[in-house]
Number of protein chains: 2
Amino acid sequence: MKIVIDAYGGDNAPRAVIEGTALALNEWNDMEFILTGREAEIRAELERAGIADSDRIEIVNADSVITCEEQPTVAIKQKKDSSLVIALNIMAEKKADCFISGGSTGAVLTGATLIVRRIPGVKRPALAPVIPTADAPFLLIDCGANADCKPEYLQQFAIMGSAYMQGVMGVESPRVGLVNNGAEESKGSELAKAAHALLKETNVNFKGNCEGRDIFSGDFDVVVTDGFTGNIILKEAEGFSSALFKIMKRELTSSFITKIGAAIAKPAFKSVKKIMDYKEYGGAPLLGINGGIIKAHGSSDSKAFLSAIRQARKYVLGGVTEKIASGIAQIEAQ
Amino acid sequence: MKIVIDAYGGDNAPRAVIEGTALALNEWNDMEFILTGREAEIRAELERAGIADSDRIEIVNADSVITCEEQPTVAIKQKKDSSLVIALNIMAEKKADCFISGGSTGAVLTGATLIVRRIPGVKRPALAPVIPTADAPFLLIDCGANADCKPEYLQQFAIMGSAYMQGVMGVESPRVGLVNNGAEESKGSELAKAAHALLKETNVNFKGNCEGRDIFSGDFDVVVTDGFTGNIILKEAEGFSSALFKIMKRELTSSFITKIGAAIAKPAFKSVKKIMDYKEYGGAPLLGINGGIIKAHGSSDSKAFLSAIRQARKYVLGGVTEKIASGIAQIEAQ
């Protein structure tokens with residue numbers, strides 16, 4: 001299995017990328033890596049990480065880096081020598097099974113779509129992070145790749161998300177929910193109503209509408225929505241938990257007694273934060289592309305890159321691309 | 001000041017409604033109330049609450065009740081003798097300044113729109129609860145009345161929400177944010193981009209896009225979005241905090257030591273829940289109707305009805321309907 005990694009993607013690149021790769025080399029001996037970026041610097045980092053002589057690492061030189069400030073379409077077209085474009089070209093040439101980058105989300109989306117291209121029949125690729133709850137985690141699709149969607153996109157998202165949850169997370173028959181502002185079938189926006197009708201006819205385990213209060217209930221494995229709503233859902237959880245912890249901190253430090261209680265309970269609070277931290281599940285896959293594309297968090301450290309590599313491994317072993325292709329072919333044939 | 005209350009709206013009606021009215025009678029001596037519903041039962045409850053001889057309470061008999069299970073449009077048209085329809089007719093006849101009901105949200109929306117009608121120029125009335133954060137609370141508009149919106153609706157929501165935050169919450173120059181999946185002006189759905197352009201030209205204190213993570217930041221007083229997204233935002237907060245408290249409870253009871261800490265810190269947890277409980281702010285106003293319409297929570301107890309009455313009082317004293325009318329007339333004239 002070969003994974004291509006944009007060694008210059010992310011706030012802590014290339015060091016964290018290479019340290020993560022070192023951890024992965026140690027954990028799995030059937031994996032090979034291609035790192036793209038400035039060769040001399042990468043060599044120095046490999047040396048530092050103690051893996052300079054590994055025959056499972058290949059470096060492909062790339063002189064430039066695409067930053068988060070650049071306009072994605074322009075950057076992808078102009079910076080042919082960037083670590084991102086060169087890594088995506090390796091995917092397009094089928095020289096690697098999965099791709100990882102912690103770089104600009106927009107550039108990864110645009111680049112993967114233009115260079116690696118979509119699975120035949122896929123209308124729109126979608127960004128689909130796995131998010132923890134008190135019980136089972138769920139996949140939220142789409143999370144920002146497509147602000148405006150058509151009902152058929154949402155139908156495909158359900159297929160794509162189900163394939164991922166089966167292949168990577170080992171969920172046998174993922175329960176699919178459609179985000180909607182009401183539980184009843186008759187409720188919702190025009191988009192949600194039309195998508196509901198389509199999903200009922202689709203070969204996925206469709207459980208009906210998922211109201212806002214059900215998203216984090218653990219009752220669904222795949223939560224389907226347009227990229228606008230999905231982005232709001234994801235970021236609201238982040239902002240809301242910050243607000244809640246802020247209030248909690250204020251209340252818990254309001255008196256001597258509660259301060260003592262808080263100090264004793266501190267390890268439990270840390271676990272709560274850790275449980276709700278979706279970085280634990282690696283990065284967000286971009287589903288619908290003809291090959292595995294994992295967008296790691298920009299702030300990823302070496303452990304987070306290791307998680308992303310683990311995720312890439314499962315993506316390949318789980319045959320996610322093939323599962324999506326066959327699911328899409330099935331609705332195309334109808 | 002005269003408030004008309006649907007005495008049969010809500011899970012705990014009529015008792016909680018009448019107990020809330022009794023509290024209000026005691027708190028303000030310039031307020032009068034009209035209660036609609038089964039006269040004999042209301043009389044018995046007034047007796048029980050010790051306010052049977054108040055000359056500031058009038059009962060208007062209504063023989064039937066619209067339930068949450070009924071289809072709103074059908075129920076409003078057929079049940080002319082319901083406590084809800086009779087109360088709304090009193091508003092339409094300008095015999096009261098503000099209306100309160102804890103009954104079916106759909107029936108209140110439909111009934112208010114059909115019977116009391118919109119302020120001239122208002123395209124769509126919107127449901128707009130005030131929601132707490134760690135700092136200042138904000139108004140979320142629309143929260144479910146209009147699943148599909150046009151940019152002009154969102155422009156009007158900004159005006160309506162600003163009028164409410166000024167009149168009821170005393171915010172001098174409410175900071176308006178537009179829910180969007182990106183901070184930059186160029187980002188977002190077609191709806192959000194068009195609304196952004198309109199809001200820049202509108203006489204409100206528009207602060208730009210509000211990402212999901214900013215909603216609960218306290219940086220905005222009025223958060224504008226379509227009713228689909230607003231409904232998801234509101235209910236996600238509810239579901240997410242349940243999930244978080246569930247995890248926290250599990251972690252805090254995982255060992256003897258954390259159990260002790262949790263027991264000591266318990267009052268602080270209660271305060272957190274109370275702070276995040278949006279029932280504290282009364283009900284959700286339906287803005288854009290030609291008169292004050294307050295939708296109290298279905299589960300309201302007497303204290304929640306008192307809050308709703310306080311809110312109705314501020315709505316009238318703050319001249320919210322008049323403020324909305326003049327704001328809408330201003331954009332109509334452009």
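This one's a predicted model, so the numbers in the text were calculated from it and none came from an experiment. (Residues numbered from 1 in each chain as written. Chains lettered and ligands numbered in written order. Predicted model: local features only at pLDDT ≥ 70, side-chain atom pairs only at ≥ 80, totals over all residues. Heavy atoms only, no water.)

Enquirer: Break down the relation of the copies chain B and chain A for me, citing the residues and quoting the values.
Expert: In screw terms, the move from chain B to chain A is a rotation of 180° and a rise of 0.0 Å along the axis, fitting with an RMSD of 0.0 Å. The transformation relating the two chain copies, once decomposed into turn and shift, fits a two-fold axis. Across chain B, the smallest distance between a C-alpha and the rotation axis is recorded for Gly261 of chain B, namely 2.0 Å. The fraction of interface residues of chain B whose copies in chain A are also interface residues reaches 100%, indicating that both copies meet through the same surface. (Least-squares fit on C-alpha atoms with pLDDT ≥ 70 in both. Contact = heavy atoms within 4.5 Å.)

Enquirer: So, the pattern of salt bridges: which residues are in play, and what are the values?
Expert: Summed over the entire model, instances satisfying the criterion amount to 36 salt bridges over all chains. For Glu70 of chain A, the salt bridge identified is with Lys79 of chain A, shortest N-O distance 2.9 Å. Ionic pairing is found between Arg175 of chain B and Asp221 of chain B, a salt bridge with its closest N-O pair at 2.9 Å. With a gap of 46 residues between them, Arg175 of chain B in strand β8 (residues 175–179) and Asp221 of chain B in the loop between β9 (205–210) and β10 (222–224) connect regions that are remote in the sequence. Each of Glu211 and Arg213 of chain A together with Lys235 and Glu238 of chain B takes part in a single network of salt bridges with overlapping partners. (Salt bridge = Lys/Arg side-chain N within 4 Å of Asp/Glu carboxyl O. Helix = DSSP H or I, 4+ residues; strand = E, 2+ residues; numbered from the N terminus.)

Enquirer: Could you give an account of a positive patch on the surface, naming the residues involved and the relevant values?
Expert: Residue and element names in this part refer to chain A. Taken together, the side chains of Arg117, Arg118, Lys123, Arg124 and Lys150 define a basic patch exposed on the protein surface. Examined against the element boundaries, Arg118 turns out to sit in the loop between α5 (105–116) and β5 (126–127). With relative accessibility at 38%, the residue Arg118 sits in the partly exposed group. (Patch = residues over 30% accessible without salt bridge, like charges linked within 9 Å, V, L, I, M, F, W, Y side chains within 5 Å. Areas by Shrake-Rupley, 256 points an atom, 1.4 Å probe, with all protein chains shown as cover. Lys, Arg positive; Asp, Glu negative; His and termini not counted. Charge placed at Lys NZ, Arg CZ, Asp CG, Glu CD. Buried < 20%, exposed > 50% of the residue type's maximum accessible area, 1.4 Å probe, protein only.)

Enquirer: Describe the environment of Arg43 of chain A, and please don't skip the residues or the numbers.
Expert: Residue and element names in this part refer to chain A. In this fold, Arg43 is placed in helix α2 (residues 39–49). For Arg43, a relative accessible area of 45% corresponds to the partly exposed category. For the pair Arg43 and Asp53, spaced 10 residues apart in the sequence, the C-alpha separation amounts to 9.8 Å.

Enquirer: Can you break down the interface of chain B and chain A residue by residue, with the values?
Expert: Contact residues are listed per partner, giving 53 residues for chain B and 53 residues for chain A. On the chain B side of the interface with chain A, the three residues burying the most area are Phe228, Glu236 and Phe240 of chain B, jointly 14% of the side's total. Our count for the chain B to chain A interface comes out at eight salt bridges. As a salt-bridge pair, Asp135 of chain B and Lys246 of chain A come within 2.9 Å of each other at their nearest N and O atoms. Remark: the boundary between chain B and chain A carries 14 residue pairs in polar contact (both at pLDDT 80 or more). Counting only elements with at least two residues in the side of chain B that touches chain A, the list comes to α7 (190–200), α8 (227–252) and α9 (256–275) of chain B. By residue number, the principal contributor to the side of chain B that touches chain A is α8 of chain B, which donates 22 residues. For the side of chain B that touches chain A, a count of residues per class yields 27 nonpolar, 15 polar and 11 charged. (Buried area = accessible area lost by both parts, 1.4 Å probe. Polar contact = N/O pair within 3.5 Å; in protein donor to acceptor, adjacent residues only side chain to side chain. Nonpolar A, V, L, I, M, F, W, Y, C, P; charged D, E, K, R; others polar.)

Enquirer: Before we move on, can you summarise the packing of aromatic side chains with the specific residues and values?
Expert: All told, the structure shown has seven aromatic pairs over all chains when counted by the stated rule. Note on Phe240 of chain A and Phe216 of chain B: the rings are 4.7 Å apart at their centroids and 80° apart in plane angle, and the pair reads as edge-to-face. Of this pair, Phe240 of chain A sits in helix α8 (residues 227–252) while Phe216 of chain B is found in the loop between β9 and β10, placing the two residues in two different chains. The burial state of Phe240 of chain A is the same as that of Phe216 of chain B; both residues are buried. Considering the side-chain rings of Tyr164 of chain B and Tyr315 of chain B, the 6.2 Å spacing of their centres and the 55° angle between planes classify their relative orientation as tilted. Separated by 151 residues along the polypeptide, Tyr164 of chain B in helix α6 (residues 151–167) and Tyr315 of chain B in helix α10 (residues 302–317) bring together distant segments of the chain. Accessibility classification places Tyr164 of chain B together with Tyr315 of chain B in one group, the buried group. (Phe/Tyr/Trp six-rings, centres within 6.5 Å; stacked < 30°, edge-to-face > 60°.)

Enquirer: Can you lay out the domain arrangement of chain A for me, pointing to particular residues and giving the numbers?
Expert: One frequent convention defines the size of an interface as the accessible area lost when the parts assemble. Residue and element names in this part refer to chain A. As far as domains go, chain A holds domain 1 (2–122 + 288–333) and domain 2 (130–236). Computed from C-alpha atoms alone, the centre-to-centre distance between domain 1 and domain 2 is 26 Å. Tallying the contact residues gives 16 residues for domain 1 and 12 residues for domain 2. Buried surface at the junction of domain 1 and domain 2, summed over both partners, amounts to about 1100 Å²; 70% is from carbon and sulfur atoms. Joining domain 1 to domain 2, the criterion identifies zero salt bridges. (Domains from an automatic or database assignment.)

Enquirer: Talk me through unusual backbone geometry; I want residue IDs and the actual numbers.
Expert: Residues and elements named next belong to chain B. Omega for the peptide link from Ala13 to Pro14 comes to 0°, which places this bond in the cis form. Structurally, Pro14 is set in the loop between β1 (2–6) and α1 (15–27). In this structure, Lys94 takes a positive phi of about 60° despite not being glycine. With respect to the helices and strands, Lys94 occurs in the loop between α4 (83–92) and β4 (98–101). Even without a glycine there, the phi angle at Arg117 is positive, about 75°. Inspection of the secondary structure assignment puts Arg117 in the loop between α5 (105–116) and β5 (126–127). In this structure Arg117 comes out as exposed when scored by relative accessible area, which is 55%.

Enquirer: Would you mind going over the pairing of strand β7 (residues 138–141) of chain B in detail, with residue names and values included?
Expert: All names here are of chain B. Because side chains alternate across β7, one face comprises the buried residues Phe138 and Leu140, and the other comprises Leu139 and Ile141, equally buried. Here two bridges tie strand β6 (residues 130–131) to β7, and the two strands are oriented antiparallel to one another. Residue pairing for β7: Ile131 is matched across the bridge by Phe138. As defined by bridge partners, β7 adjoins β10 across three bridges and the pair is classed as parallel. Considered in β10, the bridge of Leu140 is made with Val223. (Pairing = 2+ DSSP bridges.)

Enquirer: Requested: an account of a nonpolar patch on the surface, with residues and values cited.
Expert: The grouping of Phe256, Ile257 and Ile260 of chain A at the surface amounts to a nonpolar patch, some 320 Å² of accessible area in total. Mapped onto the elements, Ile257 of chain A comes out in helix α9 (residues 256–275).

Enquirer: Which residues make up the sheet that holds strand β4 (residues 98–101) of chain A, and what are the values?
Expert: All names here are of chain A. What the seven strands build is an open sheet, ordered β3-β2-β1-β4-β12-β11-β5; its pairing is mixed. Looking along the sheet, the strands with just one partner apiece sit at the ends: β3 (57–61) and β5. With two bridges connecting them, β5 and strand β11 (residues 284–287) associate as antiparallel partners. Bridging across to β11, Leu127 finds its partner in Leu286. α5 rests against β4, β5, β11 and β12 (292–295) of the sheet, and its axis sits at about 170° to β12. (Axes fitted to C-alpha atoms, helices over the stretch in contact; angles between N-to-C directions.)

Enquirer: I'd like to hear about the sheet that holds strand β11 (residues 284–287) of chain B, residue by residue, with values.
Expert: Residues and elements named next belong to chain B. Taking strand neighbours across the sheet as the criterion, the seven strands line up as β3-β2-β1-β4-β12-β11-β5 in an open arrangement whose pairing is mixed. Pairing within the sheet leaves two strands with one partner each, and these edge strands are β3 (57–61) and β5. Here strand β2 (residues 32–37) runs beside β3; their pairing, made up of five bridges, is parallel. Note that in β3 the partner of Phe33 across the bridge is Ile57. Packing against the sheet, α6 makes contact with β5 and β11, and its axis sits at approximately 130° to β11.

Enquirer: Residues and numbers for the packing of α8 of chain A against α9 of chain B, please.
Expert: Two numbers describe how α8 of chain A lies on α9 of chain B: the axes approach to 9 Å, and their chain directions differ by 140°. The orientation of α8 of chain A relative to α9 of chain B falls into the category oblique. Viewed along their axes, α8 of chain A and α9 of chain B form a crossing whose handedness is right-handed. Side by side, α8 of chain A and α9 of chain B meet where Leu244, Ile247, Met248, Glu251 and Leu252 of chain A of the first sit next to Ala265, Ala268, Phe269, Ser271, Val272 and Ile275 of chain B of the second. (Parallel < 35°, antiparallel > 145°, perpendicular 65-115°, else oblique. Left-handed = near helix turned anticlockwise from the far one by under 90°.)

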